[in-house]
Amino acid sequence: MPLKLEESWKEVLEAEFEKEYMKKLRSFLQSQQEQKRIIYPTNSLIFNAFAHTPFDKVKVVIIGQDPYHGANQAHGLSFSVQKGVPIPPSLQNIFKELQAEYSDFQFPKHGDLSSWADQGVLLLNATLTVEASKAGSHQNQGWEKFTDQVIQTLSEQRTGIVFLLWGKYAQAKAGLIDQNKHQVLMAAHPSPFSAYNGFFGCNHFIKTNEYLVAKGVKGIDWGLG
């Protein structure tokens, strides 16, 4: 399975692809395909987040855990689903929080967050692939090492990025981020199981834009039309 990265990311992460863990990961994915396992997202969308959001354009990072494991859902952007697919509960709660923060926010008819990604929001899952109908099936195969390196590289080589860490899994990544150079905002996960424990009312979307504007950077238009 070829693993191709967008050019600006390739420059800063090329060495990762030569490391032993990445070779093992590539072999694992290849064996899964040879066994006719259905993998999401499709090969061409595994690095979709990087294609939409080049390294030097990243303003915000939203960390998820796994791709969705249902048909036609995952397309390489954390929390996002392809158009025409029902909006998952966590994403519905993200939209509810946006409605609470911005009185003019219209609840979207779809869950495709590509327009956020195109404005500089890196929608990064810790694990970039999953087997159909098997949540978490590709964890601990090497993806987490790669995506941790992505976070660390952004922290070291860039300044003024907002990292949104929702839930304990994402918050465990805080140690990879230099908080003297970047803004880290934490809240409960937007899942229905935890959203009322601190995600609702977190005001992360307003706080993100306030931070960016204070740095002289254009804020994110969170509306999806």
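Below or above, wherever it landed, is the structure these notes cover. Source: prediction; values computed, not measured.

### Describing the nonpolar core
Thought 1: If you look at the biggest cluster of nonpolar residues, it comprises 69 residues, and the most contacted ones within it are Trp9, Ile94, Phe95, Trp116, Phe146 and Leu154.
Thought 2: For Phe146, the residues in contact, after removing those within four places along its chain, are Leu5, Leu13, Glu16, Phe17, Tyr21, Met22, Phe47, Phe50 and Leu128.

### Description of the packing of helix H2 (residues 20–34) against helix H6 (residues 143–157)
Thought 1: Across the interface, H2 lies against H6 with an axial gap of 9 Å and an inter-helix angle of 130°. Considered as vectors, H2 and H6 are oriented oblique to each other. Crossing of H2 over H6 shows left-handed handedness. Every residue of H6 that contacts H2 at Tyr21, Met22, Leu25 and Leu29 is listed here: Trp143, Lys145 and Phe146.
Thought 2: The residue inventory of the contact of H2 with H6, partitioned by class, reads 6 nonpolar, no polar and 1 charged.

### Examining helix H8 (residues 204–214)
Thought 1: Turning to H8, its buried residues number three or more, namely His204, Phe205, Thr208, Asn209, Tyr211 and Leu212. One face of H8 carries all of its buried residues, which in axial projection span an arc of 160°. Facing away from the buried side of H8 by more than 90 degrees, the exposed set consists of Glu210, Val213 and Ala214.
Thought 2: On the buried face of H8, the contacting elements are strand E2 (60–64), helix H4 (89–101), helix H5 (114–118), strand E5 (162–166) and strand E6 (183–187).

### Considerations on the packing of aromatic side chains
Thought 1: As enumerated under the stated definition, the model contains 19 aromatic pairs in all.
Thought 2: Residues Trp9 and Phe55 carry aromatic rings whose centres are separated by 5.2 Å and whose planes lie at 80° to one another, so their mutual orientation is edge-to-face. Residue Trp9 is located in helix H1 (residues 7–13), and its partner Phe55 is located in the loop between helix H3 (48–52) and E2; the two are separated by 46 residues in the primary sequence.
Thought 3: Judged by centre distance (5.1 Å) and plane angle (80°), the rings of Trp166 and Phe199 are edge-to-face.

What counts, and at which threshold
- Residues numbered from 1 in each chain as written.
- Predicted model: local features only at pLDDT ≥ 70, side-chain atom pairs only at ≥ 80, totals over all residues.
- Heavy atoms only, no water.
- Core = buried A, V, L, I, M, F, W, Y, C linked by side-chain atoms within 4.5 Å.
- Buried < 20%, exposed > 50% of the residue type's maximum accessible area, 1.4 Å probe, protein only.
- Contact = heavy atoms within 4.5 Å.
- Axes fitted to C-alpha atoms, helices over the stretch in contact; angles between N-to-C directions.
- Helix = DSSP H or I, 4+ residues; strand = E, 2+ residues; numbered from the N terminus.
- Parallel < 35°, antiparallel > 145°, perpendicular 65-115°, else oblique.
- Left-handed = near helix turned anticlockwise from the far one by under 90°.
- Nonpolar A, V, L, I, M, F, W, Y, C, P; charged D, E, K, R; others polar.
- Arc of directions from axis to C-beta.
- Phe/Tyr/Trp six-rings, centres within 6.5 Å; stacked < 30°, edge-to-face > 60°.

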